[in-house]
Amino acid sequence: MRRSFTTEDVLAGQPRAVARAISNVENQTAGYEAFEDELAAHVGTGWRVGITGPPGAGKSTLVNQLLTRLHETYERIGVVAVDPSSPFSGGALLGDRVRMDDRNDGTFVRSVATRGALGGLSRQTEAVADVMDAAGFDPVVVETVGVGQAELDVAQAADTVVVVLVPESGDVIQAMKAGLMEIADVFCVNKSDHPDADVLVHALHAALRLRAGAAWTPPVVKTTATQAGGADALAEAIERHKTFLTAGTGWAERRALRYRRKVRRLVEAAWTASFWTAERRHVLDQATSGDLNAALGPHALAARLVTLGS
């Protein structure tokens with residue numbers, strides 16, 4: 001099938017070509033693999049900022065305010081907004097997403113669906129970010145769907161991870177969970193006009209003291225996104241983290257991690273597809289169609305399937 005865009009137009013950042021290329025990789029249209037390989041040499045120069053946190057933390061409003069501050073430094077910014085919605089609709093465009101789309105300042109916004117990915121990001125989400133990166137959008141902001149503790153994929157997909165928390169719904173306890181504490185490069189306490197905001201800030205600082213000696217200690221920034229309060233401080237904090245990465249080995253290490261992870265995913269998907277032959281599916285169906293109490297144990301059955309045909 002002939003592409004409706006050229007790689008050259010994508011690399012030149014032409015909006016229509018970029019949009020069509022994103023649809024190509026998101027929907028895995030015929031030939032998308034070759035296109036992704038063509039882009040590979042042009043991916044990795046852009047800074048990726050992940051915005052994550054529990055639902056209702058105000059991430060979309062915060063991103064919209066952050067974009068205004070980032071545009072003081074960066075001309076063309078990409079936004080990948082992940083929605084827990086149908087891939088046919090391209091994501092539920094909520095009010096804040098519509099406002100992002102209406103920006104006329106060089107922001108390119110794309111809503112994508114999670115497609116059932118439990119870690120908050122689908123494989124296609126990272127491919128969309130790759131297209132924006134290759135097209136010269138820098139930074140690329142990835143706003144995750146908001147599924148809380150499961151949302152740890154963003155740590156491997158971004159250079160700088162901002163964890164947004166609010167002083168509501170037990171977020172002091174949520175913040176203490178190891179996963180969110182470990183992936184954050186910057187903590188953002190949104191809705192900081194709430195009476196309990198300082199309680200959450202103190203709890204975060206107390207937890208961070210346990211990480212004494214680390215090369216980077218995540219700053220804790222207070223924001224009130226609906227009033228644009230704290231957006232300057234947040235932009236400054238994430239810029240400091242970028243400087244920290246580029247001054248050392250972190251910038252290159254995170255890119256190498258992303259590349260290895262991508263290749264592992266592709267290998268695992270290929271192996272899975274080739275493993276489940278018609279014969280293996282038949283053996284599994286037969287083994288589980290009768291009395292399961294009399295069936296082989298799961299480990300024995302798995303071992304039989306693995307050795308079948310070898």
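For the structure, check the block above.
Residues numbered from 1 in each chain as written. Predicted model: local features only at pLDDT ≥ 70, side-chain atom pairs only at ≥ 80, totals over all residues. Heavy atoms only, no water.

A few words on the overall build of the protein chain. Counting its secondary structure elements, the protein chain contains 14 helices and seven strands. Taken over 310 residues, the protein chain has a buried fraction of 47%. Taking the intrachain contacts of the protein chain between residues at least 6 apart in sequence as the baseline, contacts between residues at least 24 apart amount to 76%. Carbon and sulfur atoms make up 55% of the accessible area of the protein chain, which amounts to about 15,100 Å² in all. (Helix = DSSP H or I, 4+ residues; strand = E, 2+ residues; numbered from the N terminus. Buried < 20%, exposed > 50% of the residue type's maximum accessible area, 1.4 Å probe, protein only. Contact = heavy atoms within 4.5 Å. Areas by Shrake-Rupley, 256 points an atom, 1.4 Å probe, with all protein chains shown as cover.)

Glancing now at helix 2 (residues 15-26). For helix 2, with 12 residues, the first-to-last C-alpha span of 16 Å sits near the 16 Å given by 1.5 Å per residue. Every buried residue of helix 2 is listed here: Ala-17, Val-18, Ala-21, Ile-22, Asn-24, Val-25 and Glu-26. Contacts made by the buried residues of helix 2 are with helix 1 (7-11), helix 3 (32-39), strand 3 (107-113) and helix 6 (123-134). Two residues or fewer past helix 2, Gln-28 is found with a positive phi of approximately 55 degrees. (Expected span 1.5 Å × (residues − 1).)

Looking now at the packing of aromatic side chains. Under the defined criterion, the tally for this structure stands at five aromatic pairs. Taken together, a centroid distance of 6.0 Å and an interplanar angle of 45 degrees make the contact between Trp-47 and Tyr-74 tilted. One end of the pair, Trp-47, is in the loop between helix 3 and strand 1 (48-52); the other, Tyr-74, is in the loop between helix 4 (59-70) and strand 2 (77-83), and 27 residues separate them in sequence. The residues Trp-47 and Tyr-74 share a single accessibility class, namely buried. With a centroid separation of 5.3 Å and 45 degrees between ring planes, the pair formed by Phe-108 and Phe-137 is classed as tilted. With Phe-108 in strand 3 and Phe-137 in the loop between helix 6 and strand 4 (140-143), this residue pair connects regions lying 29 residues apart in the sequence. (Phe/Tyr/Trp six-rings, centres within 6.5 Å; stacked < 30°, edge-to-face > 60°.)

Attention shifts here to the pairing of strand 3. Among the seven residues that make up strand 3, seven are buried, leaving the element largely enclosed by the rest of the structure. The alternating pattern of strand 3 places Thr-107, Val-109, Ser-111 and Ala-113 and Phe-108, Arg-110 and Val-112 on opposite faces, both of which are buried. Sheet topology places strand 2 next to strand 3; seven bridges connect them, and they run parallel. The partner of Ile-77 across the bridge, within strand 3, is Thr-107. (Pairing = 2+ DSSP bridges.)

Our focus in this paragraph is the layout of surface pockets. Here the largest pocket defines a volume of roughly 530 Å³. Ala-40, Val-43, Asp-130, Tyr-259 and Lys-262 are, among the 22 residues lining the largest pocket, the residues nearest its centre. Put simply, the parts of the chain that give the lining of the largest pocket at least two residues each are helix 3, helix 6 and helix 12 (250-275). It is helix 12 that provides the largest number of residues to the lining of the largest pocket, a total of eight residues. Among the residues forming the lining of the largest pocket, the class breakdown is nine nonpolar, one polar and 12 charged. (1 Å grid on protein atoms, 1.4 Å probe; cavity = no way out; pocket = protein on both sides within 12 Å on 5 of 7 lines; lining within 4 Å. Points joined across faces, edges and corners; volume = space filled by probe spheres on them. Nonpolar A, V, L, I, M, F, W, Y, C, P; charged D, E, K, R; others polar.)

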